[in-house]
Amino acid sequence: MRDKKTERPVNPSSAEDAALRAFLTEALGGASPPDLSEQILHRLSDSSADPAKPADCEVLSPNPLGTRKTPLAAAAALIVAVAAVLLALLTLQPQADPERPHPVAQSPNGQSPNGQSPNGQSPDEQSPIAQNPDEQNPNGQSPGANSPETAPRVAQADADAQPDPSGLAAAAEDAAAQPAPRSRQLPMQETPFAPAARVASEQAVVDFERAPRVPPHDAQQIAAELNRRFEQAWKQLGVEPTAEVSQDEVAQRISRWVGTDVSPSSASDPAALAEVLRGRAASESAAERLLAQLLGSAWRRLPAERQQVLSGFIAQTYSGQQRFDVAAQQLVVGGTDQRVQRASAIWLTSLAGERSVPVTQQIGHAVLDLDLACARCHDDPLDSQIRQQDFWGLAAVFQNGLRYSRSQSGEPLVQAVSESERQKGQFFELPDGRQRVALPGVPPQWLDLQVSAPTGEEPAGRVLKDLQTLVAQWRDNPRLAKALVNRVWNAVYGRPLTGSTADPEAPPHEEHLVQLRDYLAAQTRAHDFDLARLTAWVLTAPPMHRAAVLEPLSDEAAFASDQQLARADFLHRTFAGYQPQPVKLRFGSLLDLVSRWNGRGTIESVPALAQPAASSGSFVPLQAPSEAELTENWLRTSFPERGNAAAPLPAQWLGAIEDFEQQARHLYYAAGYWKPSGRQLKAAAELRESTGDDDAALKQLWWVIRNSR
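Residues numbered from 1 in each chain as written. Predicted model: local features only at pLDDT ≥ 70, side-chain atom pairs only at ≥ 80, totals over all residues. Heavy atoms only, no water.

Focus on the packing of aromatic side chains
Right, so step 1: Taken as a whole, this structure holds 10 aromatic pairs when the rule is applied.
Right, so step 2: With 5.4 Å between their ring centres and 40 degrees between their planes, Phe230 and Trp234 make a pair best called tilted. Within this pair, Phe230 and its partner Trp234 are both found in helix α6 (residues 219-237), separated by four residues, close to a single helical turn. There is no split in this pair, since Phe230 and Trp234 are both buried.
Right, so step 3: Judged by centre distance (5.9 Å) and plane angle (25 degrees), the ring pair of Phe230 and Trp489 falls under stacked. A residue pair is termed long-range when its members are at least 10 positions apart, and Phe230 in helix α6 and Trp489 in helix α18 (residues 478-493) qualify at 259 residues. In terms of burial, Phe230 and Trp489 fall into one category: buried. (Phe/Tyr/Trp six-rings, centres within 6.5 Å; stacked < 30°, edge-to-face > 60°. Helix = DSSP H or I, 4+ residues; strand = E, 2+ residues; numbered from the N terminus. Buried < 20%, exposed > 50% of the residue type's maximum accessible area, 1.4 Å probe, protein only.)

Structural data, given as structure tokens:
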């Protein structure tokens with residue numbers, strides 16, 4: 001309120017002249033403007049103490065010539081505003097705790113710019129998931145309490161990095177060597193706007209319900225159920241399976257898969273074959289094949305020494321020393337044993353990448369049996385339970401629960417932490433360009449869980465909010481059992497028993513095959529996730545006893561018609577005929593073949609009929625084609641030629657995407673590539689140029705991908 005007695009009119013010209021002189025004096029290095037903050041704050045304090053008493057100061061009346069403020073008035077208002085902000089900051093600033101890292105000393109991706117971790121958990125003291133205190137892990141150590149310590153955290157690892165094998169062991173010993181200094185960088189992914197009361201309520205203990213376990217069946221009962229289910233599926237699909245082969249042929253096929261000799265009697269008996277798989281050579285060979293499914297393309301990038309470490313760790317689940325569900329938990333959250341820590345560090349580091357996207361997608365595939373490739377950018381149009389919001393919620397769980405650092409040699413290193421000091425969200429972009437934040441959390445239905453809440457209370461929609469809680473639910477989990485059945489089946493027969501609707505190579509959705517997967521998953525739980533038994537059930541299943549449709553390097557395959565190829569493909573997809581292990585070539589070599597077949601390359605070999613005859617005039621018999629020529633003839637048989645409009649697109653959903661580059665990207669996504677490289681996208685563009693047709697280029701691109709992955 002203004003006091004009329006203290007007001008006086010202002011001369012605009014004199015006030016502006018005085019302000020101009022003051023500004024020029026300061027600009028030329030003269031006197032500085034007076035600091036009136038203390039006087040202003042003192043008078044503000046006095047006036048607020050007694051609002052009825054008018055302020056003892058002179059108030060200037062408004063400019064009678066208009067509402068425009070003079071420069072002097074504007075400067076005074078600015079000083080008052082700055083003083084008020086400073087007062088508020090001084091009043092509201094909390095006292096610093098020297099024992100606690102600064103809450104904003106993290107970068108946008110959850111890491112401090114100088115390589116320090118806010119959660120401070122030593123890799124040697126990371127605890128495994130919470131279990132019954134009466135239970136012991138297989139190495140005889142209790143998975144019990146561990147105390148957190150300050151540990152470093154540096155920039156995230158690149159997904160394609162090749163760490164030095166010697167770096168992980170050293171890093172497991174010195175990861176907690178340095179404290180975390182404070183940083184001035186603001187946390188762009190922090191979400192401090194959540195009310196404290198709501199956060200506290202969400203930390204309440206929530207009970208989960210899952211499908212009850214069934215009684216275990218013996219090997220003969222399971223074999224009979226497999227035969228019955230496949231007969232029903234083939235009848236429903238109208239498929240006539242190929243003829244059965246001899247037991248000797250079955251034994252040879254299984255021997256090639258397990259890497260050791262298997263007798264015909266063991267090849268027909270799942271119980272005997274399970275004992276063979278518990279041997280050292282067979283268990284390591286089977287573990288390598290399974291790891292190729294669990295890690296995808298990351299497995300091929302690992303050095304041989306690290307592959308041996310992981311295969312030796314998984315081989316223990318075949319030998320009976322470890323349950324697979326417990327081993328899966330330890331691969332993510334580690335443990336107190338040095339062997340477990342090393343295997344976990346290799347596993348997580350191989351899946352390292354920007355914003356935890358690679359580990360999110362691969363864990364979704366390997367553990368949750370979900371195809372999350374589409375959900376990174378938009379809701380899955382074919383599976384309503386997979387939403388973009390949930391994808392980034394799972395990514396936020398990994399981003400908070402993993403520590404990205406570097407070993408002594410400077411190589412990337414990823415390890416789990418027992419708990420995160422603050423739960424940070426993940427910002428992501430909607431298809432329309434808007435930004436949204438996803439708080440950490442995984443829908444319980446992704447793990448086939450149901451939430452039970454006390455009477456009168458509604459269960460929270462997102463209750464799996466941290467990595468430790470999430471991984472703890474993998475123990476005896478029905479969803480993990482289903483995923484394991486599909487991964488083992490894929491390792492044996494080249495495709496899962498039930499696949500994603502977006503996968504061009506997936507078998508047809510048939511109810512009896514779904515029921516068979518669920519039956520094998522239930523028996524996997526009943527037999528305590530025994531990998532040797534599950535693999536033996538799959539190896540002795542009916543598809544292994546069927547004749548091959550087309551042998552890859554046979555004359556019949558080399559001259560097969562389109563109709564014969566289509567029939568063979570359908571029999572393979574329905575498991576009504578045995579499919580030998582396909583010949584895998586390098587991506588670049590296949591591109592060279594395609595370029596030559598499209599008329600863009602050079603002729604590398606001259607046909608035998610075009611070779612000149614011997615000078616003596618004697619008859620020279622034609623040489624038998626080499627294995628390379630037979631392989632090329634076999635590949636050429638299934639190659640989608642230009643101008644073949646009858647050949648369908650690899651997946652019908654590609655037609656809903658208008659941009660060719662996006663179509664190519666989605667084919668790579670369907671093949672399991674997290675982020676197509678520039679070389680892969682360039683290959684798609686070259687195929688488009690050489691064929692002159694988008695559809696033909698997509699068909700040839702998928703042909704290259706499926707024969708090289």
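Details of the side chain of Arg278
Right, so step 1: Tracing the backbone shows Arg278 in the loop between α9 (270-277) and α10 (280-295).
Right, so step 2: Separated by 3.2 Å, the side chain of Arg278 and the backbone oxygen of Tyr318 make a polar contact.
Right, so step 3: Leaving out residues up to four positions away in the same chain, Arg278 has contacts with Tyr318, Ser319, Gly320, Asp530, Ala532 and Arg533. (Polar contact = N/O pair within 3.5 Å; in protein donor to acceptor, adjacent residues only side chain to side chain. Contact = heavy atoms within 4.5 Å.)

Concerning helix α15 (residues 357-366)
Right, so step 1: Counting buried residues in α15 gives nine out of 10 residues, a clear majority hidden from the surface.
Right, so step 2: Turning to α15, the residues buried within the fold contact α10, α13 (324-333), α14 (338-350), α16 (388-401), β2 (402-406) and α18.

Regarding the confidence of the model for the chain
Right, so step 1: Scored by pLDDT, the chain has a mean of 74; 63% of the residues are at 70 or more.
Right, so step 2: Counting interchain partners and residues more than four positions distant, the pLDDT-below-50 stretch residues 51-69 has 21 contacts.
Right, so step 3: Every residue in residues 601-622 scores below 50 in pLDDT, and together they form nine contacts with partners more than four places removed in sequence or on other chains. (pLDDT = per-residue confidence, 0-100.)

Digging into the packing of helix α26 (residues 678-691) against helix α27 (residues 694-708)
To characterise two packed helices, one gives the angle between the axes of the helices and the distance between these axes.
Right, so step 1: Relative to each other, α26 and α27 sit at 130 degrees, their axes nearing to 8 Å. Viewed along their axes, α26 and α27 adopt a mutual orientation that is oblique. The crossing of α26 and α27 is right-handed. Between α26 and α27, the residues in contact are Ala684, Leu687, Arg688 and Thr691 and Asp694, Ala696, Ala697, Gln700 and Leu701, respectively. (Axes fitted to C-alpha atoms, helices over the stretch in contact; angles between N-to-C directions. Parallel < 35°, antiparallel > 145°, perpendicular 65-115°, else oblique. Left-handed = near helix turned anticlockwise from the far one by under 90°.)

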